[in-house]
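Listed below, chain by chain, are the residues.
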Amino acid sequence: MNVQNDARGASVTAASDGIFIDNGWRASASGKTLAVLAPATGREITRIADGTAADIDLAVEAARRAFEGAWGGHSATERGRILQRLAQIITENEDELTALEATDTGKPMSQARGDVRACARYFEYYGAAADKVHGTQIPFMQGYLAVTEHLPYGVTGHIIPWNLPAQMFGRTIAPALAMGNACVLKPAEDACLSPIRLCELAAEAGLPPGALNCVPGRGESAGAALSGHRGIDYISFTGSPQVGELVQIAAAKNHIGCTLELGGKSPQVIFEDADLDAAIPVIVTAITVNAGQTCSAGSRVLVQEGLKDALLERLAAAFSEVVAGPPEADCKLGPLVNATQKRRVERFFSQAEADGIPIVAEGKIAPGADPEGYFVVPRVYGPVPHDNVLSQEEVFGPVLSVVTFRDEAEAIEKANDTDYGLVGAVWSKDGSRAMRVARRIVAGQVFVNGYGAGGGIELPFGGMKKSGHGREKGFEALLDFSTTRTLVVKHD
Ligand code: NAD
């Protein structure tokens, strides 16, 4: 199948409009397909399978066979070698995967390339870690040896969103496979061409049939069938809090565990003594990378009152340089993923206007951008009242809210006073204060004098509160995809 209008003007190839089971493509049970639209033009570029519950059944059965058969028989070292080979193959196919990712998501080519490199890095990291998951020995009663071992769950389900398809593939599939699980993936209907291609590359790397299966399709059909399937032993979900809730209920009904990564409203706390030269470019990137469609977007700036005017002035200057354009123009950001997301962001704009929230600065849309593409003007609002919807809700677009605070206590209170708790940052030259405040922020990742939106394969990442639970990335993700068995041997 050809994918037309890729970011270089050529056509690129996606693997299939079918479902991937036992290392091969087949038509979905319904025979139906879904259109894939390029966000930069709004035009159809290809079609993907409209997978259903019957396809999920087949995928789960294949995964079970693999887990109980060839894949389950691999040693940790052998598993690791296959994953590291896949990392190498991803790198060899970087140009093709980059073009697919950029066309499918609309993001700038350089960001798509970074995402593909991150995907390779996940397989390199978890491939190398596969045989380094050690159990423990526990001092117990005289005449006994007590040990724990980490075991794979069995068949793991993975539902991923459209914002970072290549990265999400690596982030969730690499640790699950490294631990020895067999996987069923339901990628997002709005962007899933790189995961489709990556499944083929995984087979090329030597993954046995059934170890990784992929059923593209809609959330309410394929996604719901996967999350409620009685044949899965664990589920990992990244996406909206609303769907996360449904996935957690489905997991509870099957008495299985789940990892949920549900977004954030992450604060950057800027004290009066902060180094603005260092902070401003980081603040701009943290809200514009991936057009703000990043769970870890730095979408709230909390600034101490005395620095407010200087910060707004500097932000306005920096933001006026921000341009949104098509992937090949490689601007700071691309369009949003679809018309629904564009309407959602525009609703926040209308609400801000109705609430009388001042616009501090705006970026631009590149003059050559297709008017049918899903572009929005990047914006900074401020000062925004702390209880306003712009300070409280995840926009998932290039929209930054600036909120003020008086002192340390108020900074901490406001930083923590949203439903979310994913990422945070503190900017101050006073090291003691920075540490004091950083350690009071309720979030899974906190940065001091820096901010990492989406980076850091080695760094455990995940939420508190409505941002979810469980940890992805780093060594901890391996343990998240495992269960512990305690073995007690009586030897007299
Ligand atoms: P979503 O939660 O609807 O979709 C995420 C994934 O879940 C997709 O693969 C989708 O097909 C699947 N899904 C949808 N309904 C399902 C169901 N009933 N059962 C099982 N799976 C289902 O997210 P969205 O509609 O694509 O985006 C809506 C909002 O979600 C965004 O505006 C943003 O706030 C948030 N979001 C967060 C992240 C993140 O990384 N945390 C990513 C994407 C979207």
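Preceding block: the structure.
Here the structure is a predicted model, which means the values were calculated and not measured.

Peer 1: Teacher, can you tell me more about unusual backbone geometry here?
Peer 2: Negative phi values dominate among residues other than glycine, just as trans dominates among peptide bonds. Residue Pro-383 is bonded to the preceding Gly-382 through a cis peptide linkage, with omega at -10°. Structurally, Pro-383 can be placed in the loop between strand 19 (379-381) and helix 12 (389-392). Residue Asn-23 is not a glycine yet carries a positive backbone phi of 65°. Relative to the elements of secondary structure, Asn-23 occurs in the loop between strand 3 (19-21) and strand 4 (24-26). Its relative accessible area of 26% is what places Asn-23 among the partly exposed residues. One non-glycine residue, His-255, lies in the positive phi region at around 55°. Locating His-255 in the fold gives a position in the loop between helix 8 (241-253) and strand 13 (257-261).

Peer 1: Got a minute to help me understand the packing of aromatic side chains in this structure?
Peer 2: Throughout the structure, instances matching the rule amount to 11 aromatic pairs. Measuring from ring centre to ring centre gives 6.3 Å for Phe-349 and Tyr-381, while their planes differ by 45°; the resulting arrangement is tilted. One end of the pair, Phe-349, is in helix 11 (residues 339-354); the other, Tyr-381, is in strand 19, with 32 residues separating them in the sequence. Given the relative accessible area of 1%, Tyr-381 is considered buried. Relative to Tyr-451, the ring of Phe-447 has its centre 5.9 Å away and its plane inclined at 40°; by these criteria the two rings are tilted. You can call Tyr-451 buried: its relative accessible area is 13%. The positively charged end of Lys-473 is found above the aromatic ring belonging to Phe-461, 4.7 Å away from the centroid.

Peer 1: Explanation requested: helix 1 (residues 53-68) in the structure shown.
Peer 2: Its 16 residues place the ends of helix 1 22 Å apart at the C-alpha level, agreeing with the 22 Å of an ideal helix rising 1.5 Å per residue. Of all the positions in helix 1, only Asp-55, Ile-56, Ala-59, Val-60, Ala-62, Ala-63 and Ala-66 are classed as buried. Looking down the long axis of helix 1, one finds its buried residues gathered within 160° of arc, a one-sided arrangement.

What counts and how
- Residues numbered from 1 in each chain as written.
- Predicted model: local features only at pLDDT ≥ 70, side-chain atom pairs only at ≥ 80, totals over all residues.
- Heavy atoms only, no water.
- Helix = DSSP H or I, 4+ residues; strand = E, 2+ residues; numbered from the N terminus.
- Buried < 20%, exposed > 50% of the residue type's maximum accessible area, 1.4 Å probe, protein only.
- Phe/Tyr/Trp six-rings, centres within 6.5 Å; stacked < 30°, edge-to-face > 60°.
- Lys NZ or Arg CZ within 6 Å of the ring centre and 35° of its normal.
- Expected span 1.5 Å × (residues − 1).
- Arc of directions from axis to C-beta.

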